Amino acid sequence: MKLKSLAFIITGGKRKFIEMTRPHDSKFWMGIIPTVWIIFFFMFPLFIVFKISFSESIFAIPPFTEIFNFTKEHILEIKLNFKNYISIFRDSYYLSAFTNSLYLSIVTTILCFFVGFPMAYGIHRVSDRLKTVLLLLVSLSFWTSFLVRIYSWMSLLSVNGAINSILLKLGLISAPIQFIGTYYAVCLGMIFCYLPFMIFPVYAVLEKVDKSYIEVAYDLGCRPTKTFWTVTIPLSSSGIITGSVLVFSASIGEFVIPELLGGADAVTFGRVLWIEFFSNLDWTMACSLSIGMMLFIILPIFIFQKRTRS
Amino acid sequence: MALASQTIKRNMDAWQDINAEPYIQVEGITKSYDDVTPVKDISFSVYKGEFFSLLGSSGCGKTTLLRILAGFEKPTSGKILIDGVDITNLPAYKRPVNMMFQSYALFPHMTVYQNIAFGLKQERQSKNIIAERVREMLNLVQLSGYEDRKPEQLSGGQKQRVALARTLAKRPKLILLDEPLTALDKRLREETQFELVNIQEKVGITFILVTHDQEEAMTMSTRMAIMDGGKIRQVGVPHDVYEFPNSRYVAQFIGSINLFDGIVVEQEADHVLIETHEIDCRCQATHAGALPLGSNVTLAIRPEKIMISLAKPDYQYNWTRGVIQEIAYLGDVSIYYIKLDSGKMVMATLPNLLRLADRTFQWEDTVYLFWRSENSSVLTS
């Protein structure tokens, strides 16, 4: 059945009331909500960021120059400043911030998988009642303040903290270890914070995987461990991918955790952005960095998708 | 029905041969959960090459029993022997048993070839042997050339064939089929029934089928077990179960039947006489065991065994009179619902030898019903 839609078309000052037929009418209207949302709240702000990234930094409010300038001689001047973009590639400070961030979030994603998958699998396998409790406990971490959780880690990991004193008491170490300020502490904090992003998608997919696939594998002589690798993991791959993308995207721009748990050398992209924006008041550089990072992440995904499709 | 008689012949009636060694022995299997016992002390034997059916309505315990045979559930008590070996405590992956699932459960991330080869790979067979066997299986189910398809690219019937091929590939000692044809439409189901029996004959593997569809069970099986409430009510060849049910439950479960409550009034070596207030005259039945006089019994007559005439038949026993209330026209046959003088409704089926308009009997006609003594059975439970 073809749905008919009504549309007003303004032609030559006259409003015409016409009838249009579209085969995928409901699809069209459904698409409007996300489209409008994305245009207003994502594309438009992104465009502003994009514009600022090509401005010059000045001492003023706002602290950047206008790109477009309509002179008295009725000439539209467009002044694009590529200095920031060039310095991203020239200045090893920015490059190392990029690579640090990338390294940290890749490690975090991989470790989140190795911790999160067994957790999701465990929750998937327990009784229904325990399942609800465990899921609630996992989501509980979302309801406590992010900052409070990081501060608790700071006190746990500090030289006089609980972990050091336990290790000292057990005689495993002779002097307290300086955890805070290391990449390990940053990684630990990131895994701790982003683990639910891995657990929930993986759990959701595991729940959907038909139990009979596992049984068929057993039935055909496949041992449980091998079944896990040849059947369970491939069938839950979509959840693993979703979880990894979530953890990776959330951790790549992370600012608070490296700031609080990392040392001065843990220069990550998020921290550089913060410094440029608030300490140096260099909005243009901050925006260039954002755009650069975005392209850096999106382009590989885009190319990958194009390739898999063809 | 024609096929049923064929299948009976093919196994030389191993289950009637006293010397025959049963191939699969199920001994006193019980399965209890916290508050329910879906399988209660079930015992039966299946002979090599048989096509055995477990028939019952949903919740009768047939699927649980099948899952116990496959090794997915552990029985609370009892033993299962296959070819003389006790497999009760073997995990599913070590049993010489393969099951075909109702949902087929073809691995969606594997091709048809990989699906069929999966079980053989677990046996660490060489690549050549696997390739050879997969080709053979695909030939058997007439799906050659589909090796590289993914399950999502197959139709329901094709999926069913691939699932069957995957189950057959390891040449197990026993194949379990869990409602294998339910997901197919009626026409395809009927075709597949015959095909399944042909394939089973070709490979010579023992099959146990679970189904709620009596037609399916009767067409395909050598013997069938009627299950109810976690127990087996009757085991026998389809013909015997249909013609000589051992209880009211089985009689009503398989096909349609007319039941009359009565008491035994005469007991002879070759027949009994039964008096029932629902029928005008006494009824003679030849197929009855030793029944004491005066015992309460149920006389059971299948609708197609009842004959109808407008004139009073020349019968001393086994006749009654009634008025046609309803005629259900099914094309090949018509079902007549006849109300007896006692108020009892009786069902009779007649083939439509004549076209609708020329029919001998019409609504509101008073007719005589009669049947032969050997065509009724006497039930005591």
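Note that the structure is predicted; figures quoted are calculated from it, not measured.

The rules behind each value
Residues numbered from 1 in each chain as written. Chains lettered and ligands numbered in written order. Predicted model: local features only at pLDDT ≥ 70, side-chain atom pairs only at ≥ 80, totals over all residues. Helix = DSSP H or I, 4+ residues; strand = E, 2+ residues; numbered from the N terminus. Buried ≥ 20, exposed ≤ 12 C-beta atoms within 10 Å, placed from the backbone. Contact = placed C-beta atoms within 7 Å. Nonpolar A, V, L, I, M, F, W, Y, C, P; charged D, E, K, R; others polar. Domains from an automatic or database assignment. Axes fitted to C-alpha atoms, helices over the stretch in contact; angles between N-to-C directions. Parallel < 35°, antiparallel > 145°, perpendicular 65-115°, else oblique. Left-handed = near helix turned anticlockwise from the far one by under 90°. Pairing = 2+ DSSP bridges.

Engineer: Sorry, what's going on with the overall build of chain B here?
Structural biologist: Helices and strands together make up the secondary structure of chain B, namely nine helices and 20 strands. Summarising its shape, the C-alpha atoms of chain B cover approximately 75 × 50 × 40 Å along the three principal directions. For chain B, with 381 residues in total, the buried portion stands at 39%. Partitioning the contacts of chain B with sequence separation of at least 6, the portion at a separation of at least 24 is 66%.

Engineer: Which parts of the structure should I look at to understand the interface of chain A and chain B?
Structural biologist: Often, the extent of an interface is quoted as the loss of accessible area on bringing the components together. With 14 residues of chain A in contact, the opposing surface of chain B contributes 16 residues. Of all the secondary-structure elements, those providing two or more residues to the side of chain A that touches chain B are α8 (211-219) and α9 (224-235) of chain A. Taken together, the residues of the side of chain A that touches chain B sort by class into eight nonpolar, two polar and four charged.

Engineer: What is the right way to look at the domain arrangement of chain B in this model?
Structural biologist: Residue and element names in this part refer to chain B. In terms of domain boundaries, chain B breaks down into domain 1 (2-96 + 172-248) and domain 2 (256-379). On a C-alpha basis, the centroid separation for the pair domain 1 and domain 2 is 34 Å. Looking at the side of domain 1 that touches domain 2 residue by residue, the class counts come to two nonpolar, one polar and one charged.

Engineer: Teacher, can you tell me more about the packing of helix α3 (residues 112-122) of chain B against helix α5 (residues 156-169) of chain B here?
Structural biologist: Between two packed helices, both the angle of their axes relative to each other and the distance between the axes serve to describe the pair. Residues and elements named next belong to chain B. Taken N-terminus to C-terminus, the directions of α3 and α5 make an angle of 25°; their axes are 7 Å apart at the nearest point. With respect to their mutual orientation, α3 and α5 come out roughly parallel. In this structure, α3 meets α5 at a crossing whose hand is right-handed. In contact with V112, N115, I116, F118, G119 and L120 of α3, α5 contributes V162, A165, R166 and A169. Partitioning the contact of α3 with α5 into residue classes produces seven nonpolar, two polar and one charged.

Engineer: What's the story with unusual backbone geometry in this structure? I'm lost.
Structural biologist: Note: most peptide bonds trans; most residues except glycine with negative phi. Residue and element names in this part refer to chain B. With a phi angle near 55°, D83 is a residue other than glycine that sits in the positive phi range. Tracing the sequence through the fold places D83 in the loop between β4 (77-82) and β5 (85-86). Phi at A105 is positive, roughly 50°, even though this residue is not glycine. Here A105 lies in the loop between β6 (97-100) and α3. For A105, a count of 23 C-beta atoms within 10 Å puts it in the buried group.

Engineer: Quick question: what am I supposed to make of the sheet that holds β4(B) here?
Structural biologist: Remark on secondary structure: sheet strands pair via backbone hydrogen bonds, oriented parallel or antiparallel. Residue and element names in this part refer to chain B. Reading across from one edge, β2-β1-β4-β5 is the order of the four strands in this open sheet, with antiparallel pairing throughout. Among the strands making up the open sheet, the edge pair consists of β2 (39-46) and β5. The pairing of β4 with β5 spans two bridges and is classified as antiparallel. Opposite I82, over in β5, you have V85 as the bridge partner.

Engineer: Whenever I open this one, the sheet that holds strand β9 (residues 223-228) of chain B confuses me. Can you help?
Structural biologist: All names here are of chain B. Strand order in the open sheet formed by six strands is β6-β7-β8-β3-β9-β10, and the pairing between neighbours is mixed. The sheet is open, and its two edges are formed by β6 and β10 (231-236), each paired on a single side. Across the sheet, the mean angle from the axis of one strand to that of its neighbour is 20°, orientation sign disregarded. The sheet contact formed by β6 and strand β7 (residues 174-178) spans four bridges and is parallel. Residue V97 lies in a different strand from β7, and its bridge partner there is L174. Contacts between helix α2 (residues 62-70) and the sheet are confined to β3 (51-55), β6, β7, β8 (206-211) and β9, with β7 contributing the most and set at about 150° to the helix. Here α5 sits on the sheet and contacts β6 and β7; the angle it forms with β6, its principal contact strand, is near 175°.

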